[in-house]
Every structure is written in C-alpha cells, then in structure tokens.
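# Tertiary structure, described
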Amino acid sequence: MSIMIERLEGMVNRYHEITEMMMMPEIVSDSKELAKLGKEQADLTQVVETYEEYKKSAEALQEAKELLMEDDKEIKEMAKMEIEELEPKIEELLGKLEILLIPKDPNDSHNAIVEIRGAAGGDEGNIFAGDLYRMYSKYAESQGWKIEIIEMDDSEAGGFSLVSFMVKGDGVYGRLKFESGSHRVQRVPKTESQGRIHTSTATVLVTPEIEAEDFDIDMNDLEIETMRASGAGGQHINKTDSAVRIIHKPTGIVVKCQDGRSQHENRATALMTIRSRVYEEHQRKLEEEQGAERRSKIGTGDRAEKIRTYNYPQNRVTDHRIGYNVNQLDRIMEGRMQELLDALQSADQQAKLAGTKNE
C-alpha cells in the first residue's frame with residue numbers, strides 16, 4: 001500500500017510540475033513540447049482526480065471514527081452511518097486506482113491498421129471476411145472514427161480474400177487490439193443445398209499506426225514496385241502505374257496499396273503500413289526472446305490463434321479467451337460491439353493486475 005501511495009504522490013507532483021512548465025515562455029512558444037506536456041498531463045488527470053477523492057474520503061473516515069468516541073448518542077449514530085457509507089466507497093476508489101496504475105501500452109492512443117483475410121472455407125471464408133469488415137466499419141461509425149481503405153481484393157462470390165484499412169480516431173488501437181486472431185463462423189452457406197452447417201474462418205490482424213520518428217525502418221531493406229491498379233476504379237486507375245507494392249526483404253512482409261488518388265499517395269500509405277507491420281514483427285520477436293507474454297495476457301495476438309466463434313443458427317458469439325458468451329450475434333454483426341470490447345478490456349486489466357500482484 002505504501003508503494004502505491006508513493007507512486008500516486010509522485011504522479012500528483014508531476015501533474016503540478018507540468019502545470020508550472022506549461023506557463024513558461026520557452027514552452028508556450030514551442031508548440032510541439034506544449035502538445036507533448038498537454039498529453040502527459042491529460043493522461044495523469046484521471047489518476048490525480050481519483051487519488052484526491054480517495055484522500056478526502058480517507059480523511060472523512062478518520063474523522064468519523066474519532067466521533068465514535070464521543071458520548072453523544074446522536075453524534076455516534078451519525079458517525080456510524082458515515083463510516084458505513086465511506087468504507088465501501090474507499091474500497092471502490094482503491095480498486096479504481098489499482099487499475100489506473102497498470103502500465104499503459106503507449107500505442108493505445110494510436111490509429112489502427114486492420115487487415116482481414118478470408119482463410120479456411122474458400123468462398124465462405126471470403127464472404128465472412130466481408131461480414132467482419134462491415135461489422136468493424138459500423139462500429140467505427142458509431143464511435144465517430146474514420147476508415148480509409150489501404151488494399152482491397154474482392155472475392156467473386158462476395159466479400160474479400162483480403163481487405164486492409166486504417167481506422168482513425170481517439171484511442172482506436174487500444175479498443176481494437178484484442179481483435180487479432182482467427183475468427184470462426186458456423187452457418188449454412190447460401191450455396192449449400194442440403195442445409196448443412198459449415199465452419200469457415202477469416203483472420204484479423206490489428207497493428208498500431210507507427211510514426212517515422214517512433215520506429216526507424218531501413219529503406220535499403222525495402223523493395224518498392226509500381227504497377228497498374230486492378231479492379232474497379234475507372235479509366236484513370238487502369239492507365240497509370242498508380243499502385244505501389246513494398247516488400248520488406250528481411251521479414252518477407254508485403255504491402256500493396258492502390259486506392260489512393262496518385263502513386264505518391266499510395267507510396268506514402270504503403271510505407272506507413274509496412275512500418276507498422278515491421279514494428280509489430282519486431283515487437284513480437286523481442287517479447288519472444290524475453291519470454292514475455294504477447295501484448296496481453298488474454299491472448300497472443302497471433303493470427304493462428306482461434307479467438308472467437310460466430311454461430312449463426314444459435315445467434316451466439318463466443319470469445320474463447322475470456323469465456324464470454326452472448327446470444328446477440330445479429331446485434332454484434334451490426335457493429336454493436338461495445339459490451340464485447342469492454343469485457344475484453346476488463347479481463348485484460350484484471351489479468352495484468354493479478355500479474356502485478358504476483359510479481
């Protein structure tokens with residue numbers, strides 16, 4: 001408890017130190033440094049406010065306990081009532097502070113790059129990849145986030161063999177990062193004449209957008225090709241070499257971008273995407289070498305890991321990592337994912353909290 005209070009006091013001091021720094025003329029004139037300090041202070045605000053509330057409540061509890069020693073029956077009764085009210089409140093505030101003190105993933109506030117691929121099940125896997133894209137798009141829309149397509153390979157039967165897109169908004173990666181893995185669907189395909197249920201899969205990979213200054217990629221490791229864009233797009237898209245493909249030779253990671261208005265735009269998007277993918281691979285290897293658990297304790301984030309089943313006949317969604325079951329598949333496929341994402345985030349926080357306590 002004393003270590004926790006020490007950390008909290010340090011954060012309060014830092015919060016006030018930032019307030020003073022942000023009034024200094026040399027900081028005020030440096031917009032980049034001002035923004036950096038503003039973000040740090042914003043991250044500390046909830047902790048500081050919760051801790052202040054905890055301190056006031058703890059002080060009030062101490063005063064109420066002292067009043068219990070009074071001879072006046074009425075004062076003693078009031079003090080008892082106050083203690084009954086304050087004790088659970090303090091417990092709740094301590095629990096909240098424990099969660100707020102869990103080290104945050106610095107990438108949580110970033111935009112996210114999502115890649116969905118049709119996997120097992122042929123056409124049905126591709127159709128399901130399209131359904132997942134629609135689900136994430138609708139959820140993004142409900143959050144006021146913006147989606148920008150990076151690459152899209154349509155499937156003849158419907159859906160996509162591959163669709164990759166950027167999701168822009170506040171804290172996007174922190175909300176979507178647990179979606180990486182293999183998503184399994186159980187339903188009767190439209191082409192199935194016997195009415196048999198088929199199982200198909202689509203894989204999802206979610207990576208944070210990484211700025212050039214945060215992760216340096218060696219341009220000598222990249223092979224950059226330009227080509228004509230395929231698929232829909234009118235005359236312009238077929239007559240110019242506007243599509244860009246980049247291969248990161250050391251890892252074999254390939255990114256193709258053709259949906260921008262020009263080769264220059266596609267090249268910038270492809271570079272940003274490959275930087276994020278290479279960063280993710282770099283982090284994975286680093287954590288593997290250190291024997292650390294992958295990204296979070298509720299899953300490895302590995303594309304091969306089966307994370308969720310969507311059972312259409314029973315209208316049920318099951319997240320296998322946290323044992324989450326809900327008979328609201330129709331709602332979830334319409335982008336109403338908030339409860340599911342909250343459950344994943346809460347399970348991750350509890351797992352990290354347990355890990356911190358066991359260290």
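On a predicted model such as this, the values are computed, not experimentally measured, just so you know.

A few words on the UniProt feature "coiled-coil region" (unreviewed entry) in the chain. Under the feature "coiled-coil region" (unreviewed entry), the UniProt entry names residues 44–81. Secondary structure within residues 44–81 divides into 87% helix and 0% strand; the distance between the first and last C-alpha atoms comes to 33 Å.

Our next topic: the packing of helix α1 (residues 2–21) against helix α3 (residues 31–67). Viewed as axis vectors pointing N to C, α1 and α3 meet at an angle of 130°, and their least axial separation amounts to 9 Å. Comparing their axes, α3 and α1 come out oblique. Where α1 crosses over α3, the handedness of that crossing is left-handed. Contacts between α1 and α3 involve I5, L8, E9, M11, V12, R14, Y15, I18, T19 and M21 from the former and L37, E40, Q41, L44, T45, V47, V48, Y51, E52, Y54 and K55 from the latter. Classifying every residue of the contact of α1 with α3 by side-chain character gives 13 nonpolar, three polar and five charged.

As a further point, take helix α4 (residues 73–100). Relative to the 40 Å expected for 28 residues at 1.5 Å per residue, α4 spans 40 Å between its end C-alpha atoms, a close match to the ideal helical length. The complete set of buried residues in α4 reads A79, I83, L86, I90, L93, L94, L97 and L100. Contacts made by the buried residues of α4 are with α1 and α3. Its side-chain oxygen 2.8 Å from the backbone nitrogen of E74, D72 forms the N-cap of α4.

Okay, the environment of G335 next. Here G335 lies in the loop between α9 (329–333) and α10 (338–358). Classification of G335 as buried rests on a relative accessible area of 5%. Once the C-alpha coordinates of G335 and K138 are considered, the two residues, 197 residues apart in sequence, prove to be 4.7 Å apart. In this structure, G335 is in contact with M135, K138 and Y139, ignoring residues within four places of it in sequence.

With that settled, the discussion passes to the pairing of strand β1 (residues 112–118). Buried residues dominate β1, accounting for five of its seven residues. One ladder, built from six bridges, connects β1 with strand β3 (residues 160–168); its direction is antiparallel. If you follow I116 over to β3, its bridge partner there is V163. Two strands pair when backbone bridges link them, and β1 and strand β5 (residues 198–208) are joined in this way by seven bridges, in the antiparallel orientation. Residue pairing for β5: A112 is matched across the bridge by P208.

Note that S200 resides in strand β5. Among the residues examined, S200 registers a relative accessible area of 2% and is labelled buried. Discounting residues that sit within four places of it in the chain, S200 has contacts with A120, G121, E124, G125, H183, R184 and V185.

Taken as a whole and judged by the stated rule, the model has 20 salt bridges. Among the salt bridges present, the one from E9 reaches K55, with a minimum N-O distance of 3.7 Å. Taken together, the residues E9 in helix α1 and K55 in helix α3 connect sequence positions 46 residues apart. Accessibility expressed as a relative area gives 30% for E9, which makes it partly exposed. Looking at K55, the relative accessible area reads 30%, which means it is partly exposed. Residue R14 is joined to E40 by a salt bridge in which the shortest nitrogen-to-oxygen separation is 2.8 Å.

Calculation criteria
Residues numbered from 1 in each chain as written. Predicted model: local features only at pLDDT ≥ 70, side-chain atom pairs only at ≥ 80, totals over all residues. Heavy atoms only, no water. UniProt positions renumbered as here; feature names shortened; annotations may be inferred. Helix = DSSP H or I, 4+ residues; strand = E, 2+ residues; numbered from the N terminus. Axes fitted to C-alpha atoms, helices over the stretch in contact; angles between N-to-C directions. Parallel < 35°, antiparallel > 145°, perpendicular 65-115°, else oblique. Left-handed = near helix turned anticlockwise from the far one by under 90°. Contact = heavy atoms within 4.5 Å. Nonpolar A, V, L, I, M, F, W, Y, C, P; charged D, E, K, R; others polar. Expected span 1.5 Å × (residues − 1). Buried < 20%, exposed > 50% of the residue type's maximum accessible area, 1.4 Å probe, protein only. Polar contact = N/O pair within 3.5 Å; in protein donor to acceptor, adjacent residues only side chain to side chain. Pairing = 2+ DSSP bridges. Salt bridge = Lys/Arg side-chain N within 4 Å of Asp/Glu carboxyl O.

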